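Read off the chains here:
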Amino acid sequence: AQSVTQLDSHVSVSEGTPVLLRCNYSSSYSPSLFWYVQHPNKGLQLLLKYTSAATLVKGINGFEAEFKKSETSFHLTKPSAHMSDAAEYFCVVSERAGTYKYIFGTGTRLKVLA
Amino acid sequence: DAGVIQSPRHEVTEMGQEVTLRCKPISGHDYLFWYRQTMMRGLELLIYFNNNVPIDDSGMPEDRFSAKMPNASFSTLKIQPSEPRDSAVYFCASSLFGTDTQYFGPGTRLTVL
């Protein structure tokens, strides 16, 4: 069975400092992994996707994530936070057995302090 | 490019009324998903379609909820009768066969008084 655990429900960083949002997954199959961002009162926007082509995945707005199979982790990072990064971030796993169903993490709310 | 389109964006109704939410997927996409988001339960998959056919409706909470996809460019989620506990944001998403990336609409915020 698949599952996703986002280790922090809230993260606060100062503007200009690095961001680390942590995600661990469990999957019986070779998974696809995603990070989505949701700004207040908006839909979910795809940040990046891992599909086994490369373990370090670059996304939009300067975000990247590294797939570590040995640690079953897919943490999201950004070198320097911007005020506009304040939002909720969801880690998602998709089973590649043909169902195309997503399993969502519970979300991490990122707060960026001026 | 138009993304996933949902209407209405906001809906306020009274308990017992029928509510219909609408979704237009991205053109050419053959999977369509309906989700519900609440503070208590997070994001839940309600139902998904492939080529207009419902594949998995195990997330539909009860018989008051129904979903249809009469053609490749339109889907509805209906709640009849509505109850206050149905208040949530409802998202529609679509994807293309062979990829597993879902693209989300802006959501419909439903408030049932």
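Everything numeric in this text was worked out from a predicted model, so none of it was measured.

Draft legend 1. Here's a closer look at unusual backbone geometry. Residue and element names in this part refer to chain B. Of note, the amide linkage connecting Ser 7 to Pro 8 takes the cis form, showing an omega dihedral of -10°. Along the polypeptide, Pro 8 turns up in the loop between strand S1 (5–7) and strand S2 (10–13). Here the amide bond leading from Gln 80 into Pro 81 is cis, since omega sits at -10°, within 30 degrees of zero. Tracing the backbone shows Pro 81 in the loop between strand S8 (74–79) and strand S9 (88–95).

Draft legend 2. A look at the pattern of salt bridges. Residues and elements named next belong to chain B. Counted by the stated rule, this structure contains 14 salt bridges over all chains. With its nearest N and O atoms 3.9 Å apart, the salt bridge here joins Lys 78 to Glu 18. Of this pair, Lys 78 sits in strand S8 while Glu 18 sits in the loop between S2 and strand S3 (19–24), placing them 60 residues apart in sequence. Look at Lys 78 and you get partly exposed, because its relative accessible area is 31%. Two residues, Glu 62 and Arg 85, come together in a salt bridge whose shortest N-O distance is 3.3 Å. Pair noted here: Glu 62 is in the loop between strand S6 (53–56) and strand S7 (65–71) and Arg 85 is in the loop between S8 and S9, with a separation of 23 residues, a long-range link. A residue is classified by how much of its surface remains accessible, and Glu 62, at 28% relative accessible area, is partly exposed. Bridged by salt links that share partners, the residues Glu 62, Arg 64, Glu 83, Arg 85 and Asp 86 form one connected network.

About the thresholds
Residues numbered from 1 in each chain as written. Chains lettered and ligands numbered in written order. Predicted model: local features only at pLDDT ≥ 70, side-chain atom pairs only at ≥ 80, totals over all residues. Heavy atoms only, no water. Helix = DSSP H or I, 4+ residues; strand = E, 2+ residues; numbered from the N terminus. Salt bridge = Lys/Arg side-chain N within 4 Å of Asp/Glu carboxyl O. Buried < 20%, exposed > 50% of the residue type's maximum accessible area, 1.4 Å probe, protein only.

In short, the description is geometric, and any link to function would need to be established separately.
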